[in-house]
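# Structure at a glance
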Amino acid sequence: MLLKLTHKGKPTLVNTNNIVTMFNGYDKESRTHMTTLTLVNGYTLFVDEALQEVYEIMKDVLSGKEQNIDWTFNPPSVD
C-alpha cells in the first residue's frame, strides 16, 4: 500500500512494504526534528508529519480507508 506523506513540503508516495523503521529523528540539513523512515534499500527519508500521524495514516490505509490524494495540481514523487 502507498502512503502519501510530505517530504520537504512536497507530497511523496511511500510503499508501506518498504518501511523498516519509523522514529523521531533530527535532520541536520534543515536543523529540525522530523519523523525518520528507514527503507529496505537503506535509504533514510525525513517526512514532515509527526510520528503519531504517520502511524495513524498507515493504520487507516492498511485497514482499508482511502487516503485523500489530489493528483491534479502537485503530483507526488515516488520514493
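Coordinates for the structure precede this section.
Note that the coordinates shown come from a computational prediction; the quantities given were computed from them, not determined experimentally.

### Here we look at the sheet that holds strand β4 (residues 32–39)
Overall, antiparallel pairing links the 3 strands, which are arranged β3-β4-β5 in an open sheet. Either end of the sheet is taken by a strand with one partner, and the two such strands are β3 (19–27) and β5 (44–47). Ignoring strand direction, the axes of neighbouring strands in this sheet form an average angle of 30 degrees. Summarising the sheet, β4 and β5 pair through 4 bridges and their orientation is antiparallel. Looking at the pairing, Thr36 lines up with Phe46 of β5. The sheet contacts of helix α1 (residues 51–62) involve β3, β4 and β5, and relative to β3 the element is tilted by about 155 degrees.

### Let's talk about the environment of Asn18
You can see Asn18 is positioned in the loop between β2 (10–15) and β3. A residue is classified by how much of its surface remains accessible, and Asn18, at 29% relative accessible area, is partly exposed. Taking the C-alpha atoms as reference, Asn18 lies 7.9 Å from Asn41; in sequence the two are 23 residues apart. Ignoring any residue separated from it by four or fewer positions in sequence, one finds Asn18 in contact with Thr38, Leu39 and Val40.

### Side note on the pattern of salt bridges
Pairing of side chains with opposite charge becomes possible as their charged atoms draw close. Applying the stated rule across the entire model yields 3 salt bridges. As a salt-bridge pair, Lys65 and Asp60 come within 4.0 Å of each other at their nearest N and O atoms.

### A short note on α1
Taking 1.5 Å as the rise per residue, α1 with 12 residues should run 16 Å; its terminal C-alpha atoms sit 16 Å apart, in good agreement. When α1 is considered as a whole, its buried residues turn out to be Val54, Ile57, Met58 and Val61. Summarising the axial view, the buried residues of α1 lie within an arc of 95 degrees, below the 170-degree limit, and thus occupy one face. Those residues of α1 that are buried lie in contact with β1 (2–7), β3, β4 and β5. Of the residues flanking the end of α1, it is Gly64, one or two places downstream, whose phi is positive at about 110 degrees.

Rules of the game
Residues numbered from 1 in each chain as written. Predicted model: local features only at pLDDT ≥ 70, side-chain atom pairs only at ≥ 80, totals over all residues. Heavy atoms only, no water. Pairing = 2+ DSSP bridges. Helix = DSSP H or I, 4+ residues; strand = E, 2+ residues; numbered from the N terminus. Axes fitted to C-alpha atoms, helices over the stretch in contact; angles between N-to-C directions. Contact = heavy atoms within 4.5 Å. Buried < 20%, exposed > 50% of the residue type's maximum accessible area, 1.4 Å probe, protein only. Salt bridge = Lys/Arg side-chain N within 4 Å of Asp/Glu carboxyl O. Expected span 1.5 Å × (residues − 1). Arc of directions from axis to C-beta.

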